[in-house]
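Residues per chain are reported as follows:
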Amino acid sequence: MKRVRKEQRTLESLFYDKLHVRNTQYTNLEDLVVRRMKVLRLLESFKSGVSLQDISDQWEDVESHFYCRLLCSQALWSVKWFVGLETQLFRKRLLSYESEKVGVYFKESFLRRLEGIDTDKNLILPHSSLLMKERGPFEYNSDLKVHFTKVYDLVATRRVKLDRGYCKINPEVMRSCLNNFYRQFLEEKMYWLYEYMLRTPDERLKKLHERIFSEKKPISAPTTIEDSHKYLPPCISKLINKLKKTRHIKYNDRQTLCLFLKDTGVSVEENIQFMRSAFDVTKSVFDKEYLYGIRHNYGLEGKKANYSSFTCKKIISMSREPNTCGCPFTNDLDGLSEYMASKGVECPEIENMIKNSGCQEACSSVLAKILDKNHAATISSPVDFYREYRADKQ
Ligand code: SF4
């Protein structure tokens, strides 16, 4: 791959919000995917002194980025892998621009694409997010401040001073802001794509994913139901309590639980046995109504696709549906307190955390408390919670 010439790329193009190609040959897609993956892997194993190879031109860069989105959206762990490395790539490129140029871009273009700015108080609010299009003119004011959650990397290393949760804008804050908004933007796009791919799987992409990541895929160590129950996140704990009490759960909850158990390493046989004993129906009714669904989730029936567990975003979005447990951070704060009490932790500030940072960040903070740590990685699925919890205790 040729090295990129810096002047070929505009700051706007770093956000990858448009793909200009409508149709492409599959071979072209595969070729570009393989080439970009080389760049990302190089970045992943980056050691000082190794220079980053880049992609030959802006068009190729945009195309290969979008094709890799398709590839990596085939599994939740590769979604996270991709978001992490693309954010690193973004940061590296951003650092190659002079501060003055970044400042002009930040003030004249970037802020116009943000929603969630309080123009009266001059604040970029905690819930602000990046839009695909400019929302209109925005007059930059040197009093503008940004909420600490948008520059958390600087806060963690105490490189900014906070005044009631907000900090002033300077060149370092601008870079951190751009980088963190980019991560948030890409994460949202990737989770949306991941959900879409679950509904409409594409066999060629699945196979390409398997081939490209064959040596990388983290193996879920086989586990037993009993073992998996020790490290349950609040949503699954609530769901299992409901199942024990009512001896039945509806489709959304069944899928949430079954796919969670599968991705934590529970075998199909044990999953079936667990569900069979939990449901208050005869064996023949169970086999007729539920057996196919469980086997289907393991890729043993129908399309034989390998389904992954639901993301937090999906579970949160189901929280208001009838007969669905959903995420306790959105619909059951009492249940959440009981869960925390059973783990011996308290979190009186939980409501504020949910309001300011959202359910997933609040869930990470609860996990950090359980593990007695200052910080836990952001939770994007119940399986993430389980893995981090289990890894810490073993
Ligand atoms: Fe479950 Fe995710 Fe909600 Fe945590 S944030 S309780 S893991 S859905």
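See the structure printed just above.
The text that follows walks through the structure, step by step, so that each part is easy to find. Keep in mind that what you see is a predicted model, and the values were worked out from it rather than measured.

## Some thoughts on the side chain of Lys206
By the element assignment, Lys206 lies in helix H7 (residues 203-213). Despite its burial, Lys206 remains without a salt bridge, the nearest opposite charge being carried by Glu203 at 6.8 Å. Contacts of Lys206, omitting those with residues within four sequence positions, involve Gln74 and Asn306.

## A word on the pattern of salt bridges
Under the counting rule described, the total for this entry stands at 17 salt bridges. In this structure, Glu349 and Lys369 form a salt bridge, with 3.8 Å as the shortest nitrogen-oxygen distance. Taken as a pair, Glu349 in the loop between helix H16 (333-342) and helix H17 (350-357) and Lys369 in helix H18 (residues 359-370) lie far apart in primary sequence, 20 residues in all. The exposure class of Glu349 is partly exposed, given its relative accessible area of 33%. Ionic contacts of the salt-bridge type, sharing partners, join the residues Arg36, Asp61, Glu86 and Arg93 into one network.

## Structural notes on the sheet that holds strand S3 (residues 145-147)
Spatially, the 4 strands line up as an open sheet ordered S1-S2-S3-S4, and their pairing is mixed. The open sheet has two free edges, formed respectively by strand S1 (114-118) and strand S4 (166-168), since each of these has just one partner strand. Here the average twist between neighbouring strands, direction ignored, is 35 degrees. The sheet contact formed by S1 and strand S2 (residues 123-130) spans 4 bridges and is antiparallel. By the bridge assignment, Leu114 is partnered in S2 with Leu130. The strands touched by helix H6 (residues 171-199) within the sheet are S1, S2, S3 and S4, with S2 carrying the most contacts at an inclination of about 40 degrees.

## With respect to empty space enclosed by the protein
Taken as a whole and judged by the stated rule, the model has 3 cavities of 30 Å³ or more. Within this model, the largest cavity holds a volume of roughly 120 Å³. In terms of lining, the largest cavity is formed by 16 residues, of which the most central are Cys235, Cys312, Cys327, Phe329 and Cys363. The set of elements that each furnish at least two residues to the lining of the largest cavity consists of helix H9 (234-246), helix H14 (312-317), helix H15 (328-331), H18 and helix H19 (382-393). Residue composition of the lining of the largest cavity, by class: 14 nonpolar, 2 polar and no charged.

## Brief notes about H7
Restricting attention to buried positions, one finds in H7 the residues Leu205, Lys206, Leu208, His209, Ile212 and Phe213. All buried residues of H7 project into a common sector of 165 degrees when viewed along the axis, lining one side. Across H7 from its buried face, at more than 90 degrees, point the exposed residues Arg204, Lys207 and Glu210. Contacts made by the buried residues of H7 are with helix H1 (26-44), helix H2 (58-72), helix H3 (76-95) and H6. The opening residue of H7, the one whose side-chain oxygen lies 2.9 Å from the backbone nitrogen of Arg204, is Asp202.

## Brief notes about the site of the ligand
In the region of the ligand, the neighbouring residues are Cys235, Cys312, Ile315, Cys327, Pro328, Phe329, Cys363, Ile379 and Pro382. Of all the cavities here, the one that holds the ligand is the largest cavity. Secondary structure elements with two or more residues in the shell around the ligand: H14 and H15.

## Overview of unusual backbone geometry
Even without being glycine, Arg164 reaches a positive phi, approximately 50 degrees. Note on placement: Arg164 falls in the loop between helix H5 (152-156) and S4. With relative accessibility at 76%, the residue Arg164 sits in the exposed group. A positive phi angle, close to 60 degrees, is found at Asp372, a residue other than glycine. Structurally, Asp372 can be placed in the loop between H18 and H19. A relative accessible area of 72% means that Asp372 is categorised as exposed.

## Considering the layout of surface pockets
Here the largest pocket is characterised by a volume of approximately 1,700 Å³. Residue assignment for the lining of the largest pocket shows that the elements contributing at least two residues are H3, S2, H5, H6, H14, H17 and H18. Considered class by class, the residues forming the lining of the largest pocket number 14 nonpolar, 19 polar and 10 charged.

## Examining the packing of H2 against H3
At their nearest, the axes of H2 and H3 sit 9 Å apart, and the two run at 155 degrees to each other. As judged from the angle between their axes, H2 and H3 are roughly antiparallel. In contact with Asp61, His65, Cys68, Arg69 and Cys72 of H2, H3 contributes Ser78, Val79, Trp81, Phe82, Glu86 and Arg93. The residue inventory of the contact of H2 with H3, partitioned by class, reads 5 nonpolar, 2 polar and 4 charged.

## Things to note about the state of the cysteines
Think of a disulfide as a covalent bridge from one cysteine sulfur atom to another cysteine sulfur atom. Taken as a whole and judged by the stated rule, the model has 0 disulfides. Of all cysteine sulfurs, the one in Cys68 lies closest to Cys72, which takes part in no disulfide; the gap is 5.7 Å. Residue classification places Cys72 among the buried residues on the basis of a relative accessible area of 0%. Cysteine Cys258 remains unbridged, with the sulfur of Cys235 as its closest cysteine sulfur at 15 Å. Of the residues examined, Cys258 reaches a relative accessible area of 1% and is grouped as buried.

Conventions adopted
Residues numbered from 1 in each chain as written. Predicted model: local features only at pLDDT ≥ 70, side-chain atom pairs only at ≥ 80, totals over all residues. Heavy atoms only, no water. Helix = DSSP H or I, 4+ residues; strand = E, 2+ residues; numbered from the N terminus. Buried < 20%, exposed > 50% of the residue type's maximum accessible area, 1.4 Å probe, protein only. Lys, Arg positive; Asp, Glu negative; His and termini not counted. Salt bridge = Lys/Arg side-chain N within 4 Å of Asp/Glu carboxyl O. Contact = heavy atoms within 4.5 Å. Pairing = 2+ DSSP bridges. Axes fitted to C-alpha atoms, helices over the stretch in contact; angles between N-to-C directions. 1 Å grid on protein atoms, 1.4 Å probe; cavity = no way out; pocket = protein on both sides within 12 Å on 5 of 7 lines; lining within 4 Å. Points joined across faces, edges and corners; volume = space filled by probe spheres on them. Nonpolar A, V, L, I, M, F, W, Y, C, P; charged D, E, K, R; others polar. Arc of directions from axis to C-beta. Polar contact = N/O pair within 3.5 Å; in protein donor to acceptor, adjacent residues only side chain to side chain. Near = heavy atom within 4 Å. Sits in = over half its atoms within 2 Å of the grid points. Parallel < 35°, antiparallel > 145°, perpendicular 65-115°, else oblique. Disulfide = S-S within 2.5 Å.

These values are about where atoms sit, not about what they do.
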